[in-house]
Amino acid sequence: MDNYRRWLIIITVIVFTAGWLGMSLAVKLTEEELQSKLLLRTVTAATMISHDRIARLTAMAADSGSSDYEYLQEQLIATRALNTDCRFVYLLKRIDNRMVFLVDSEPVTSEDYVPPGYEYKQASDELYQIFSDGQAFIEGPLSDEWGIWVSGIAAVRDPADGRVIAALGMDIAARDWQAAIATTRLTVMGVTLAVLFMIYALFYALHTLARAATRVYQVEKQAKEAVEAVSQAKSQFLAYLSHEIRTPVSGILGVCELLETTLLDKCQRDYVSTITYSARSLLTVLNEVLDFSKIEANKMTVDNIDFAFCPLVEGVAAMLQATAHNKGLELSVTIDQSIPQLVGGDPTRLRQVLLNLVGNAIKFTEMGKVEIAAICLRQNSSTVQVKISVTDTGIGLDSTEIEKLFQPFAQADGANARKYMGSGLGLSISGRLIKLMGGEIGVISSKGEGSSFWCSIPLAVINSASESVVNEPVINAQPIDDVPAWLTQPVTLAKEAGTVLIVEDNPVIQQVVVSQLGHLGLTADVAGNGQEAVQKALKTGYKLIFMDCGLPLLDGMAATRLIRDKEAAIGGHTPIIALSGKSMPDEQQQCLAAGMDDCLVKPVSLQDIKQMVERWLPQEATDSIDKTVLRELKQLADSGQSDLDIFIDAYLEELPVLTDKLRQAMLACNSAQVSMVAHSLRSMSGTIGAKRLSELFSSLEQIAIRDSCDNHAEARRLMSKIDIECKQVGLALKNAARLV
């Protein structure tokens, strides 16, 4: 007990220390990201300021009302409109040892308006220094007469001699900045507490296991009856462990449901869906383990209550009809009319067995039909013997597979079965439940010719029943042929072919690898089995393929051999990386012998994927990118300002917002707005190195300046080119960034 507590204290200290360090790092990274985004926006805004008009201002009250002053003020107002979280935008100028306001975005009538020549007495040393070295920086949070702010300061240069002639400032409220940091702290603290809770649960389970093992060891010394006690203790522990794990899993599902009610972007919603899917899958396995442990511990009981037989069977079919129709299968139900309407038994357990049998039949049937049939074998005044069979046209079973089918943790062999593997307990639990209800269960099957699972159970004949039983509604009982259109119409997504092909039958792993590649700036297509992988690989010129070794219909090694054979005939070689579930050297050698180029062992981390991409994916040309600009940004990043990817991500985040605003201005035939937004996009794209996009936006700006809607056809053609380039610029920037 003392060791147990000592270890708990040690691990608690370690977890909290790691959580504190992680929180400090996360806060630092959050601050750096916020600074980088604000810095990029400030630098971008500074490049748009008209330097020649600044040169004509005197930084005195006489500037107010002049054409140059009003033009610069309109530029600042437009900049603030494009940056919705920005409160103040202004231009400062250094005169001798004084820092004075040059132009303010606030209207003259505003209480916060600052006239030209007004001295900014809170100016920092860095603000004075920017007129010497031109280095953009972030200040804050700072408190002044207008409130508490975080400011981005960037130099406005004279392009003729590079001299800094003014400093542009953008202020955002410090509360937004501090809220983001507080959210990061709370998130890391929450994760730390969740990890600690899971460790406590694991330690408690291990401690319980140790105590159970001690009791078993003591009982084992006594007599032959101790063997039965050991088995019972094991099952009790399994049931207890299942309950313990269900608690955090239920918490995960609850939090996911709460997250789904909040404002999430598409990527975050996909992540939440993946967590929910995984948690529900785990919960299904836990339920099966719990049922199995109850049966093993002789604690599973069956009820004997009155229920309507026909609606129960039809309700099972109704619940699974969507799955069947989505696979193109015919699902039918036939019930012997001689079976009494009301019977006595355990409807919950009978429904559980039928859902398992019908669900398996649909899973293992690719084409054809699934038939549910219930017949009356014999009947007397008190009991009716009912046989329910589920017949499919699926893959079928051979004699070896049938022998072990109803054993716990047993699954059919072969690549076809792998696609639908679960815990291996479904049929075992169904068999035990049928026996508890006093019946029998079996199967008739031939390999490749389908299967017929059947169960025969005795049910009590009910001559009269309460009104609640007779009128009880049947859940999901709708006509099987009356299927809504949305259940049968496939969902199609418009998507360009990706650079990488992921061959994996598990949908969670598919999404994880797709997301990992997305973080590397790569697009990916997905194939769910070996046959689909071969077809896609030969039809589309992928640069890289990640191939799972065990796949349905055609395993990964066989699929690789087919691809290599075709490549030998037509030329070319696509790198194929094996995704192996085992770390055994012999399997890795088999992958290489099949024609694969490299091997990754699951679980696969983002770093593993990155190394394989860098090793095997050929670098593509990036003619649309100015690498000189990227090198300068990288130097800025290396100086400690931020990370190059943050600049790129900030640009890619702003790009669709501004292009949508540009499109709306074109639809409204607002030439002035088109010119202003196109100018902003041109400068922003040029600043990040997207030279082709910058040129396209420049052309569109010139059309708008020439005015007008008379050139709408040419503008539409340019906008079409812009849309295409916008889809490609993210990947091009990421690839170019890896080269500089």
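Conventions we followed
- Residues numbered from 1 in each chain as written.
- Predicted model: local features only at pLDDT ≥ 70, side-chain atom pairs only at ≥ 80, totals over all residues.
- Heavy atoms only, no water.
- Helix = DSSP H or I, 4+ residues; strand = E, 2+ residues; numbered from the N terminus.
- Buried < 20%, exposed > 50% of the residue type's maximum accessible area, 1.4 Å probe, protein only.
- Contact = heavy atoms within 4.5 Å.
- Pairing = 2+ DSSP bridges.
- Axes fitted to C-alpha atoms, helices over the stretch in contact; angles between N-to-C directions.
- Parallel < 35°, antiparallel > 145°, perpendicular 65-115°, else oblique.
- Left-handed = near helix turned anticlockwise from the far one by under 90°.
- Nonpolar A, V, L, I, M, F, W, Y, C, P; charged D, E, K, R; others polar.
- Expected span 1.5 Å × (residues − 1).
- Arc of directions from axis to C-beta.
- Polar contact = N/O pair within 3.5 Å; in protein donor to acceptor, adjacent residues only side chain to side chain.

**Q** What is the right way to look at the environment of E714 in this model?
**A** Following the sequence through the fold, E714 ends up in helix α24 (residues 712-739). With a relative accessible area of 34%, E714 lands in the partly exposed category. Expressed as a C-alpha distance, the spacing of E714 and L700, which sit 14 residues apart in the sequence, is 8.8 Å. Those residues in contact with E714 that lie beyond four places of it in its chain are I703 and R706.

**Q** How should I be thinking about the pairing of strand β9 (residues 369-379) in this particular structure?
**A** A regular strand places its side chains on the two faces of the sheet in alternate fashion. Of the pairings in the sheet, the one linking strand β7 (residues 330-335) to β9 comprises six bridges and is parallel in character. Looking across to β9, one finds that I335 is bridged to A374. Bridge count for β9 against strand β10 (residues 383-392) is nine bridges, and the pairing is antiparallel. Bridged to R378 within β10 is Q385.

**Q** Where do I start with the environment of L551 in this structure?
**A** Turning to its location among the elements, L551 is positioned in the loop between β15 (544-548) and α17 (556-570). Look at L551 and you get buried, because its relative accessible area is 0%. Placed 45 residues apart in sequence, L551 and N506 show a C-alpha to C-alpha distance of 9.5 Å.

**Q** Just to check I follow, could you spell out the packing of helix α16 (residues 530-539) against α17 for this structure?
**A** Axis angle and axis distance: for two packed helices, these are the angle between their axes and the distance between the axes, and together they describe the pair. It is at 9 Å that the axes of α16 and α17 come closest, and there the two elements cross at 25°. Relative to α17, α16 is oriented roughly parallel. Both α16 and α17 take part in a crossing whose hand is right-handed. Packed against α16, whose contacting residues are G530, V534, A537 and L538, the element α17 presents A559, L562, I563 and K566 at the interface. A per-class count over the contact of α16 with α17 returns six nonpolar, one polar and one charged.

**Q** Looking at this model, I keep getting lost on α17. Mind explaining?
**A** Along an α-helix, a turn takes 3.6 residues, which lines up residues three or four apart on a common side. Counted at 1.5 Å a residue, the expected span for α17 with its 15 residues is 21 Å, and the 21 Å between its end C-alpha atoms agrees. The set of residues buried in α17 consists of G556, M557, A559, T560, I563, R564 and E567. For α17, the buried positions fall inside an angular range of 155° around the axis, keeping them on one side. For α17, exposure combined with an orientation more than 90 degrees from the buried face picks out D565, A568 and A569. N-capping of α17 is provided by D555, with a side-chain oxygen placed 3.2 Å from the backbone N of M557. One or two steps after α17, the chain reaches G571, where phi turns positive at roughly 95°.

**Q** What's the story with unusual backbone geometry in this structure? I'm lost.
**A** The phi torsion of most residues other than glycine is negative, and most of the peptide bonds are trans. Unusually for a residue other than glycine, A59 sits at a positive phi of about 60°. Non-glycine residue D96 carries a positive phi angle of around 60°.

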